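Read off the chains here:
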Amino acid sequence: MNVLVINCSPVRTGATAEIVRIISDHLSERCFTKTICIDDYAFQFCRGCRTCHKTARCVQEDDIPAIISEFERADIIVSVSPSYWADIPGQFKAFIDRCTPWCNTHEPHAAIGSGKKGYAVALRTGPGMKECERIIQSIAHFYGHLEIQCCGSLGLCSVEQKADAVSRKDEIAAFCETIRNSI
Ligand SMILES: Cc1cc2nc3c(=O)[nH]c(=O)nc-3n(C[C@H](O)[C@H](O)[C@H](O)COP(=O)(O)O)c2cc1C
């Protein structure tokens, strides 16, 4: 079983990265896990030209296919996103926009392999869970259009730095247990 854990923050050493590490460590006991950071890749914004609605391909050439290859290799995808202004970070949104060639709302469209399971983790510094739910909804919406089945989520409030994430490791471990039990 291959698991892809994505740091959807541009920060490679922050709270999101720490949650990615904890999840990856837990799941590595039973699965082959790979972690990536959205900022490891260079890609342009979607131009909104809709060429992909007719061709199922983007007119731009950059690292998007490399990220999609990681999705292809994975049976389980875990997206871990911080709240930036009560939403997903711009880099992650730009990636989602560029997944339009693989989006099932138009024909023809490209498609990643079927049967993949997705999980969404949201974190924020503020105290209210509603903002985490909004981020989880964005990720679930993205999964839905790539036909990745969204199987679970975790919201973590009051997390700003790496140390805050470490102090929540039991909660994160319990979440990983639900993923492991579904394998
Ligand atoms: C540009 C920016 C905007 C943010 N906006 C919010 C916000 O609207 N609500 C919130 O609770 N936290 C917000 N935060 C805090 C982050 O969600 C929190 O610090 C998270 O742990 C950042 O993880 P990272 O360092 O791995 O990116 C923001 C942080 C940044 C850098």
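Residues numbered from 1 in each chain as written. Predicted model: local features only at pLDDT ≥ 70, side-chain atom pairs only at ≥ 80, totals over all residues. Heavy atoms only, no water.

(A) The overall build of the chain, seen in detail. Helices and strands together make up the secondary structure of the chain, namely 7 helices and 5 strands. Counting from the amino terminus, helix and strand elements in the chain follow one another as β-α-β-α-α-β-α-β-α-β-α-α. For the chain, the C-alpha atoms occupy an extent of roughly 50 × 35 × 25 Å along the three principal directions. A separation threshold of at least 6 residues defines the contact pool for the chain, and within that pool the share at least 24 residues apart is 78%. (Helix = DSSP H or I, 4+ residues; strand = E, 2+ residues; numbered from the N terminus. Contact = heavy atoms within 4.5 Å.)

(B) The sheet that holds strand β3 (residues 76-82), seen in detail. Taken in spatial order, the 5 strands make up an open sheet running β2-β1-β3-β4-β5, and their pairing is parallel. The open sheet terminates on both sides in strands that have one partner only, identified here as β2 (32-37) and β5 (149-156). Recorded for the sheet is a direction-independent mean angle of 15° between the axes of neighbouring strands. In this sheet, β2 lies alongside strand β1 (residues 2-7) in parallel orientation, the contact comprising 6 bridges. Note that in β2 the partner of I6 across the bridge is I36. Lying over the sheet, helix α7 (residues 169-181) contacts β3, β4 (117-123) and β5, oriented at roughly 170° with respect to β5. (Pairing = 2+ DSSP bridges. Axes fitted to C-alpha atoms, helices over the stretch in contact; angles between N-to-C directions.)

(C) Highlighting the pairing of β5. Across 7 bridges, β4 lies against β5 in parallel orientation. Looking at the pairing, G118 lines up with C150 of β5. At this point the chain moves from β4, through helix α5 (residues 129-145), to the parallel β5, and the crossover so formed is right-handed. (Right-handed = clockwise from strand over helix to strand, strands pointing away.)

(D) Region of the structure containing the packing of aromatic side chains. Enumeration over the complete set of coordinates arrives at 7 aromatic pairs. Centre to centre, the rings of F95 and F142 are 5.9 Å apart; their planes meet at 75°, and the pair counts as edge-to-face. In this pair, F95 sits in helix α4 (residues 90-98) while F142 sits in helix α5, placing the two residues 47 residues apart along the sequence. By relative accessible area, which is 1% here, F95 ends up buried. (Phe/Tyr/Trp six-rings, centres within 6.5 Å; stacked < 30°, edge-to-face > 60°. Buried < 20%, exposed > 50% of the residue type's maximum accessible area, 1.4 Å probe, protein only.)

(E) Up close: helix α3 (residues 64-73). If you check which residues of α3 are buried, you get I64, I67, I68, E70 and F71. One face of α3 carries all of its buried residues, which in axial projection span an arc of 150°. Along its buried surface, α3 packs onto β1, β2, β3, α4 and α5. (Arc of directions from axis to C-beta.)

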